Number of protein chains: 4
Amino acid sequence: MTLSARSLRSDAARNRELLLAAAEEEFAKRGMDASIADIARRAGVAKGTVFRHFATKEELVAVVVGGHFVSLGAVAGELLESADPTGALLEFLAVAAEQLQHQDLVFLQAVTEGDSTVTECRNQLHARTNALVDRAQEAGGIRSDVTGSDILLILCALVHTVGLRTEQTPDSWRRHLIILFDGLRPQGASPLPGPVSERL
Amino acid sequence: MTLSARSLRSDAARNRELLLAAAEEEFAKRGMDASIADIARRAGVAKGTVFRHFATKEELVAVVVGGHFVSLGAVAGELLESADPTGALLEFLAVAAEQLQHQDLVFLQAVTEGDSTVTECRNQLHARTNALVDRAQEAGGIRSDVTGSDILLILCALVHTVGLRTEQTPDSWRRHLIILFDGLRPQGASPLPGPVSERL
Amino acid sequence: MTLSARSLRSDAARNRELLLAAAEEEFAKRGMDASIADIARRAGVAKGTVFRHFATKEELVAVVVGGHFVSLGAVAGELLESADPTGALLEFLAVAAEQLQHQDLVFLQAVTEGDSTVTECRNQLHARTNALVDRAQEAGGIRSDVTGSDILLILCALVHTVGLRTEQTPDSWRRHLIILFDGLRPQGASPLPGPVSERL
Amino acid sequence: MTLSARSLRSDAARNRELLLAAAEEEFAKRGMDASIADIARRAGVAKGTVFRHFATKEELVAVVVGGHFVSLGAVAGELLESADPTGALLEFLAVAAEQLQHQDLVFLQAVTEGDSTVTECRNQLHARTNALVDRAQEAGGIRSDVTGSDILLILCALVHTVGLRTEQTPDSWRRHLIILFDGLRPQGASPLPGPVSERL
DNA sequence: GATGAATGAGGGTTCATTCAT
DNA sequence: TATGAATGAACCCTCATTCAT
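Residues numbered from 1 in each chain as written. Chains lettered and ligands numbered in written order. Predicted model: local features only at pLDDT ≥ 70, side-chain atom pairs only at ≥ 80, totals over all residues. Heavy atoms only, no water.

### Here's the deal with the overall build of chain A
Scanning chain A for helices and strands turns up nine helices and zero strands. When its helices and strands are written in sequence order, chain A yields α-α-α-α-α-α-α-α-α. Burial analysis of chain A (200 residues in total) assigns 48% to the buried set. Counting only contacts in chain A whose residues sit at least 6 apart along the sequence, the fraction spanning at least 24 positions is 73%. Accessible surface, chain A: about 9200 Å² in total, of which carbon and sulfur atoms supply 54%. (Helix = DSSP H or I, 4+ residues; strand = E, 2+ residues; numbered from the N terminus. Buried < 20%, exposed > 50% of the residue type's maximum accessible area, 1.4 Å probe, protein only. Contact = heavy atoms within 4.5 Å. Areas by Shrake-Rupley, 256 points an atom, 1.4 Å probe, with all protein chains shown as cover.)

### So, the protein's contact with DNA strand E
Of all residues adjacent to DNA strand E, which total 35 residues, the nearest are Lys57(A), Thr49(B), Asn15(D), Thr49(D) and Arg52(D). By atom count, sugar and phosphate contribute 67% of the portion of DNA strand E lying within 4 Å of the protein. One of the side-chain nitrogen or oxygen atoms of Asn15(B) is found 2.8 Å away from a phosphate oxygen of DNA strand E. A distance of 2.5 Å separates a phosphate oxygen of DNA strand E from a polar atom in the side chain of Thr49(D). At the level of secondary structure, the elements contributing two or more residues to the surface near DNA strand E comprise α1 (2-30) and α3 (47-53) of chain A, α1 (2-30) and α3 (47-53) of chain B, α3 (47-53) of chain C together with α1 (2-30) and α3 (47-53) of chain D. A per-class count over the surface near DNA strand E returns 12 nonpolar, 14 polar and nine charged. (Near = heavy atom within 4 Å. Polar contact = N/O pair within 3.5 Å; in protein donor to acceptor, adjacent residues only side chain to side chain. Nonpolar A, V, L, I, M, F, W, Y, C, P; charged D, E, K, R; others polar.)

### Details of helix α6 (residues 105-112) of chain B
Buried residues dominate α6(B), accounting for six of its eight residues. Turning to α6(B), its buried residues number three or more, namely Leu105(B), Val106(B), Leu108(B), Gln109(B), Val111(B) and Thr112(B).

### Details of the side chain of Gln137(A)
By secondary structure assignment, the location of Gln137(A) is in helix α7 (residues 116-138). A polar atom in the side chain of Gln137(A) sits 3.4 Å from the backbone oxygen of Ser144(A).

### Re the protein's contact with DNA strand F
In the vicinity of DNA strand F there are 36 residues, among which Asn15(A), Thr49(A), Arg52(A), Thr49(C) and Lys57(D) approach most closely. Sugar plus phosphate: this is where 67% of the atoms of DNA strand F within 4 Å of the protein reside. Ala46(A) places a main-chain nitrogen or oxygen 2.8 Å from a phosphate oxygen of DNA strand F. Within the side chain of Lys47(B), a nitrogen or oxygen atom sits 3.4 Å from a base oxygen of DNA strand F. Counting residues per element, the ones that place at least two in the surface near DNA strand F are α1 and α3 of chain A, α3 of chain B, α1 (2-30) and α3 of chain C together with α1 and α3 of chain D.

### Describing the nonpolar core
Ranked by internal contacts, the top residues of the largest apolar core, which has 116 residues, are Phe27(A), Leu60(A), Phe92(A), Phe27(B), Leu60(B) and Phe92(B). The residues contacting Phe27(A), other than those within four sequence positions of it, are Met32(A), Ala34(A), Ile39(A), Lys57(A), Leu60(A), Val61(A), Val64(A), Gln103(A) and Leu108(A). Counting residues in each nonpolar core, the second largest holds 115 residues, with Val106(C), Ala34(D), Val50(D) and Leu192(D) among its members. (Core = buried A, V, L, I, M, F, W, Y, C linked by side-chain atoms within 4.5 Å.)

### Side note on the pattern of salt bridges
Where charged atoms from two side chains of opposite charge come close, those side chains can pair. Residues and elements named next belong to chain B. For the coordinates displayed, the defined rule picks out 36 salt bridges over all chains. Across the salt bridge formed by Lys 29 and Glu 26, the nearest N and O atoms sit 3.7 Å from each other. Linking Lys 29 with Glu 26, this pair stays in helix α1, spanning three residues, or about one helical turn. Residue class for Lys 29 comes out exposed when judged on its relative accessible area of 58%. Of the residues examined, Glu 26 reaches a relative accessible area of 5% and is grouped as buried. Salt-bridge contacts for Asp 38 lead to Arg 30; the nearest nitrogen and oxygen are separated by 2.8 Å. (Salt bridge = Lys/Arg side-chain N within 4 Å of Asp/Glu carboxyl O.)

### A few points about the environment of Ala74(B)
All names here are of chain B. In this structure, Ala 74 sits in helix α4 (residues 57-79). Here Ala 74 falls in the partly exposed class, since its relative accessible area comes to 38%. Taking the C-alpha atoms as reference points, Ala 74 and Leu 125, 51 residues apart in sequence, are found 8.0 Å from one another.

### A few points about the environment of Ala96(B)
Residues and elements named next belong to chain B. Within the secondary structure layout, Ala 96 lies in helix α5 (residues 85-100). We classify Ala 96 as buried; its relative accessible area is 0%. Distance from Ala 96 to Leu 72, taken between C-alpha atoms, is 6.3 Å for residues 24 residues apart in sequence.

### Concerning the packing of helix α8 (residues 148-160) of chain D against helix α9 (residues 172-183) of chain D
Residue and element names in this part refer to chain D. Where α8 meets α9, the axes come as close as 9 Å, and the angle between the chain directions of the two elements is 155°. One way to sum up the angle between α8 and α9 is to call them roughly antiparallel. Between α8 and α9 lies a crossing of right-handed hand. Here Ile 154, Leu 155 and Leu 158 of α8 lie close against α9, whose contacting residues are Trp 173, His 176, Leu 177 and Leu 180. A breakdown of the residues in the contact of α8 with α9 according to their chemical character gives six nonpolar, one polar and no charged. (Axes fitted to C-alpha atoms, helices over the stretch in contact; angles between N-to-C directions. Parallel < 35°, antiparallel > 145°, perpendicular 65-115°, else oblique. Left-handed = near helix turned anticlockwise from the far one by under 90°.)

### Some thoughts on the packing of α5(B) against helix α7 (residues 116-138) of chain B
All names here are of chain B. One way to put it is that α5 packs onto α7 with a least axis distance of 7 Å and a crossing angle of 140°. In terms of orientation, α5 lies oblique with respect to α7. In the crossing of α5 with α7, the sense of the turn from one axis to the other is left-handed. Mapping the contact onto sequence places Pro 85, Thr 86, Ala 88, Leu 89 and Phe 92 in α5 and Leu 125, Thr 129, Leu 132, Val 133, Arg 135 and Ala 136 in α7. Taken together, the residues of the contact of α5 with α7 break down into eight nonpolar, two polar and one charged.

### As for the environment of Leu90(D)
Mapping Leu90(D) onto the fold places it in helix α5 (residues 85-100). Separated by 44 residues in sequence, Leu90(D) and Asp134(D) have C-alpha atoms that sit 13 Å apart.

### A few points about the state of the cysteines
Residues and elements named next belong to chain A. For the coordinates displayed, the defined rule picks out zero disulfides over all chains. The thiol sulfur of Cys 156 is not disulfide-bonded, and the nearest other cysteine sulfur, from Cys 121, lies at 15 Å. Residue classification places Cys 156 among the buried positions, given a relative accessible area of 5%. (Disulfide = S-S within 2.5 Å.)

Okay, structure coming up:
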């Protein structure tokens, strides 16, 4: 009974994963203009099934975006244990960029504004990124006038351009990430104007 | 008749400008989701008039985006005369960012893919940016492994985030631009992987 | 086995009652717009269970409506024994109105058109109401040109308005019922045009 | 020019009338469940055209319902000039019932709750009906404990049943109207409980 | 050239109904 | 028998685009 109950649910769970994967790809391609119909088609389910799993298109976006925040937060959490603070920050950026390659968090986040679950995930990611930055700064690895918010924002921005150039130079963001990182070095850093807000 | 023909033409020209200005503002606010109806309303003309001037919404976008390319190209052209190559590049970035503040070229460009006029404008902008970069590199002002494409792309990416954070820290891109520029310094630059394509 | 079979059956019977009660309330609140999902939720069962008991939403409506017919028919049956024919009719109307207060039979019946069970129940109610009317007419209590159909129809109509005015004057139908009854008096009654059909 | 402008508008005006007529019929048949698609089809226009004329389904309902209020109000207004107050009230009821034959105002009004234009129309109708009733009462033609609200409500209720019985006895409401009117006679009227609200 | 009415495809969402478990 | 996941038709509504005037 438990088994059958579980297997029933596992079908549903499978659809949920298919839907999230499909949504990920469709949102990556078309942003919020991705249609529920396309997502359903890609997942191989009927349109109605989408709404069984996610009450609203916005909720679907929130889950997708929230998932990224959680996942990035986990990466940051692990790297906070690293013995090499500066290297940890660099690795965080690399891993994060790799992971975000197909998503434009900055863009999709706009839709999610106000969803408390997503906000929470984001805040945690934020806190951890700030911690990573703090440690790198204390170690003298990066300039002291930069914040975690700056870095996350730039990171998202860089990744944003990926989708548009896939066929040509899908890896250009790697170059740009290094330029960014070089811009974070403390030696000879130019002074920055006004602070960035704490929100991502 | 010549008179009336001319006045008609000047009326039409005026409408065209009104429409472009309105489109600029609406696209800035809502991206491609801006509706023709809203643009027409803001321009003070009827919906049908939009299509008399621009066969398609995409064409309207193309003209707006193309306008930005031309305008940025002009800025780059002037700065190519500057006696201070490195300063010229920095200034170009600052002016471009300022100008793009309300437009997301990278985003809107996707729609324009394939429009030959826009491509041409973009190529010119590209060529001039490359020239600016070359001169700065020759002067030893910036690292030698970076291209004009890299810089334009990063610039657009940074500006992309502006719209979403208007109320909080509308100027965060200024901070990020400086970080970018610091990342361009030749001293101790980390090696970059593979080249970026020539296309913007 | 008998035991478990029986317990299953009584569970099913219980669910059936729960569903009918839930349907009654939901239909009262939202008419035919009440959703199966809401009814199931209110009854505390799964959606699928609704369809095990009632093949169709229409069938569920038919059973609910039929139940009212049966119940009203029973009331009429009892009152046929009364020693005061005119008082019996008045009481019938009062009791019926009270009972229908939350249901719009005339409305819901439209959906039931053609269901033979409901038709049967309705015919019985009809017959008994006609009998009540006949007796009252013989006793000289009400005008002779009115039929049971007239009265049932008017009754349903009056009750129909109840739902819409709940907060304001939930009892206005009591006033209207009396006006109706006064209209039934034989003294000085105006002649009525053409007969009403026998169907409710 | 005025001519052409007007003819353009007259096409639109024609569609508007076609739509209102179609809406009238569809709402009569299915109440609020009438679909925009059906209304458009019946009017012979595309779905989108409905929304050009009426921003919302509710607005369409409001216009239809409001139209009835206005029209009934006009009838009442004329009859207020009559030399025979009691006859005027009877005629008002007859004309109103005739006109409402295919509409269930009480039902559709629920949707319109809160629309200020409709409310205004309804209030005027209300005021005039009250005036008709007052005059009939002063003339001793009808019982003194009844209000215009009572009468309108009953009238709508009676008419409500029409639609459901079209094929059988479409005119049964004529019978019921007379019964209602007989119930309004002052002689031997039974006392009515609590007052009805002023709102229709 | 300009207008704005008309079109119709497509979008998000709901819901009765079916069916595997 | 009961469950609840899946389906797909239908709904209201938006919007780029066309066209008669």
